[in-house]
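Geometric and topological summary
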Number of protein chains: 2
Amino acid sequence: MSGKIVNMRQKIDAMRADASEDLNHANCPVREVMQPIGGKWSTLLLSALAEKPYRFGELRRMVPDISQRMLTQTLRDLQRDGYIEREVFPTKPPSVEYRMTSFGHSLYEPLAKLLDWAARNHASVKEARARFDSSGV
Amino acid sequence: MSGKIVNMRQKIDAMRADASEDLNHANCPVREVMQPIGGKWSTLLLSALAEKPYRFGELRRMVPDISQRMLTQTLRDLQRDGYIEREVFPTKPPSVEYRMTSFGHSLYEPLAKLLDWAARNHASVKEARARFDSSGV
DNA sequence: CTGTATCCACAGCGATACTG
DNA sequence: CAGTATCGCTGTGGATACAG
């Protein structure tokens with residue numbers, strides 16, 4: 001349903017692979033869902049908004065090295081996928097608040113587990129990386 | 001043969017990390033761990049190897065639209081981070097087997113939960129996307 | 001304050017050809 | 001079979017300036 005098969009060759013390959021395993025691109029939502037949240041800033045913003053709603057400038061201060069352009073774009077992409085919603089307050093200098101939807105929270109539940117793992121095993125990954133780089137090569 | 005040029009990417013990465021070591025989010029686990037597995041092929045290969053070991057060509061057949069170059073590179077990156085290991089069998093046509101380490105399995109546990117969520121909510125995401133695209137823009 | 005609009009650099013990825 | 005080597009395109013993301 002999701003995957004776009006470009007040519008016949010790949011289609012045949014996909015069907016052949018389909019017979020043995022369901023790990024395929026054709027019916028695999030991994031790509032469509034994981035790719036957007038695999039962006040450089042998505043998870044950071046999601047974990048920020050999972051806590052509580054924030055305004056544009058607040059998010060910008062929380063992630064100091066994000067450009068204005070990427071903050072806008074990433075927020076829009078997250079909104080597009082239904083994870084967050086945007087509310088504009090017509091105050092004197094306008095302010096915009098972003099808040100995580102219940103759908104977003106349902107995504108964040110397993111995502112948080114993964115981020116937890118990352119936090120706990122960050123050191124091990126760095127060690128493995130160093131070991132690999134200094135050995136062999 | 002000198003191996004100086006082979007690991008250019010990794011060396012550059014190291015230098016870049018070094019240069020910004022004292023910046024706020026340079027050592028953030030989310031970035032260091034999530035970025036690599038956020039690549040286009042990483043999660044697909046991880047979920048394949050989580051099941052059982054596979055050879056290079058098998059993986060290639062399971063993910064028909066990956067290029068040979070990206071398969072090699074992604075596997076190497078996963079190996080570098082300690083998630084998978086590589087074993088060469090000196091058979092007549094040489095064969096190489098990739099297998100997930102216990103560390104990789106510990107990563108895959110929370111990751112699988114996230115992939116499960118993606119599979120279950122894939123449709124909702126696509127709907128949200130379509131809704132967003134047809135309104136406004 | 002919250003964006004848009006350009007321009008531009010570079011990393012990621014693909015296609016192809018070659019090797020042990 | 002399992003890679004390397006090269007080239008080139010494209011998308012992502014950064015810097016800057018402008019605007020509601």
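Remember, predicted model here, so these are calculated numbers, not experimental data.

Re the protein's contact with DNA strand D
Neighbouring DNA strand D are 20 residues; G57(B), Q68(B), R76(B), R86(B) and Y98(B) lie closest to it. When the atoms of DNA strand D within 4 Å of the protein are grouped by moiety, sugar and phosphate amount to 58% of the total. Between a phosphate oxygen of DNA strand D and a side-chain N or O atom of R55(B), the distance comes to 3.0 Å. Interatomic distance of 2.4 Å between a side-chain N/O atom of Q68(B) and a base nitrogen of DNA strand D. Those elements that provide at least two residues to the surface near DNA strand D are helix 5 (68-80) of chain A together with helix 4 (56-62), helix 5 (68-80) and strand 3 (95-100) of chain B.

Looking at the confidence of the model for chain A
Residue and element names in this part refer to chain A. The predicted model of chain A has a mean per-residue pLDDT of 84, with 80% of residues at 70 or higher. Here helix 1 (residues 8-20) stands out as the element of chain A with the lowest mean pLDDT, 38, in contrast to strand 3 (residues 95-100), whose mean of 98 is the highest. The low-confidence segment residues 1-23 (pLDDT under 50) makes 34 contacts with residues lying over four places distant or belonging to another chain.

Thoughts on the protein's contact with DNA strand C
All names here are of chain A. Close to DNA strand C lie 22 residues, the nearest being G57, Q68, R76, R86 and Y98. For DNA strand C, the fraction of protein-proximal atoms (within 4 Å) that sit in sugar or phosphate groups is 60%. Take R55: an N or O atom from its side chain is 3.2 Å from a phosphate oxygen of DNA strand C. Between G57 and DNA strand C, the recorded distance is 2.7 Å, taken from a backbone N or O atom to a phosphate oxygen. Take the surface near DNA strand C: its biggest share by element is 4 residues, from helix 5.

About the criteria used
- Residues numbered from 1 in each chain as written.
- Chains lettered and ligands numbered in written order.
- Predicted model: local features only at pLDDT ≥ 70, side-chain atom pairs only at ≥ 80, totals over all residues.
- Heavy atoms only, no water.
- Near = heavy atom within 4 Å.
- Polar contact = N/O pair within 3.5 Å; in protein donor to acceptor, adjacent residues only side chain to side chain.
- Helix = DSSP H or I, 4+ residues; strand = E, 2+ residues; numbered from the N terminus.
- pLDDT = per-residue confidence, 0-100.
- Contact = heavy atoms within 4.5 Å.

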